[in-house]
Amino acid sequence: MRLLHVLRLLLDVMGALFLGLIAIAPVVFGVLPYEGLKRLGTIPFYGLLAAAFAVWAWLAARSLAARSARDPRTPGMTD
């Protein structure tokens, strides 16, 4: 179940990134989303992907830590 939760977080974060790019491209560049991605360029696009991955890793670690803290069956977490 934890793996499914982490995978869902990955899909949520990456989906939000792509929806944001699709929604912002017409506003910022005044063109279709495809043209906006072309104008954005390769390095900023992969930078945004890396940032989204970092956000996902942070959210997943925080979520898993909170779940293991609540789970009394987890060894080593009871003091």
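To be clear, the structure that these remarks concern was listed above.
Presented here is an overview of the structure given in this document. Treat the numbers as computed from the prediction; the structure is a model and nothing was measured. (Residues numbered from 1 in each chain as written. Predicted model: local features only at pLDDT ≥ 70, side-chain atom pairs only at ≥ 80, totals over all residues. Heavy atoms only, no water.)

## Structural notes on the overall build of the chain
Phase 1: Counting its secondary structure elements, the chain contains three helices and zero strands.
Phase 2: Start at the N end of the chain and walk to the C end: the helices and strands fall as α-α-α.
Phase 3: Counting across all 79 residues of the chain, residues that qualify as buried make up 22%.
Phase 4: Partitioning the contacts of the chain with sequence separation of at least 6, the portion at a separation of at least 24 is 61%.
Phase 5: Carbon together with sulfur atoms contributes 72% to the accessible area of the chain, which is approximately 6000 Å² in total. (Helix = DSSP H or I, 4+ residues; strand = E, 2+ residues; numbered from the N terminus. Buried < 20%, exposed > 50% of the residue type's maximum accessible area, 1.4 Å probe, protein only. Contact = heavy atoms within 4.5 Å. Areas by Shrake-Rupley, 256 points an atom, 1.4 Å probe, with all protein chains shown as cover.)

## Re the pattern of salt bridges
Phase 1: Going through the model one piece at a time under the given rule, you end up with one salt bridge.
Phase 2: Between Lys 38 and Glu 35 there is a salt bridge whose closest N-O contact spans 3.6 Å. Of this pair, Lys 38 and Glu 35 both sit in helix H2 (residues 33–40), separated by three residues, roughly a single helical turn. (Salt bridge = Lys/Arg side-chain N within 4 Å of Asp/Glu carboxyl O.)

## As for the nonpolar core
Phase 1: With 10 residues, the main nonpolar core is built from Val 6, Leu 9, Val 13, Met 14, Leu 17, Leu 21, Phe 45, Ala 52, Trp 56 and Ala 60.
Phase 2: Broken down by secondary-structure element, the contributors of at least two residues to this core are helix H1 (2–28) and helix H3 (42–70).
Phase 3: In terms of residue count, the dominant contributor to this core is H1 (six residues).
Phase 4: Once residues within four sequence positions are removed from consideration, Val 13 is found in contact with Ala 52, Trp 56 and Leu 59. (Core = buried A, V, L, I, M, F, W, Y, C linked by side-chain atoms within 4.5 Å.)

## What to know about the packing of aromatic side chains
Centre distance and the angle of the planes are the two values used to describe a pair of aromatic rings.
Phase 1: Taken as a whole, this structure holds three aromatic pairs when the rule is applied.
Phase 2: Ring geometry for Phe 18 versus Phe 45: centroids 6.1 Å apart, planes at 50°, classification tilted. Of the two residues, Phe 18 sits in helix H1 while Phe 45 sits in helix H3, which places them 27 residues apart along the sequence.
Phase 3: Both rings, one in Phe 45 and one in Tyr 46, keep their centres 5.4 Å apart while their planes meet at 70°; by these two values the pair is edge-to-face.
Phase 4: A relative accessible area of 18% places Phe 45 in the buried class.
Phase 5: Grouping aromatic residues by their ring pairs yields a cluster made of Phe 18, Phe 45 and Tyr 46. (Phe/Tyr/Trp six-rings, centres within 6.5 Å; stacked < 30°, edge-to-face > 60°.)

## Structural notes on a nonpolar patch on the surface
Phase 1: Residues Ile 24, Val 27, Val 28 and Phe 29 make up a contiguous nonpolar surface patch of about 380 Å² in total accessible area.
Phase 2: Secondary-structure assignment places Val 28 in helix H1. (Patch = residues over 30% accessible without salt bridge, like charges linked within 9 Å, V, L, I, M, F, W, Y side chains within 5 Å.)

## A short note on the side chain of Ser 63
Phase 1: Structurally, the position occupied by Ser 63 is in helix H3.
Phase 2: A relative accessible area of 16% means that Ser 63 is categorised as buried.
Phase 3: At 2.8 Å, the side chain of Ser 63 forms a polar contact with the side chain of His 5.
Phase 4: Discounting residues that sit within four places of it in the chain, Ser 63 has contacts with His 5 and Leu 9. (Polar contact = N/O pair within 3.5 Å; in protein donor to acceptor, adjacent residues only side chain to side chain.)

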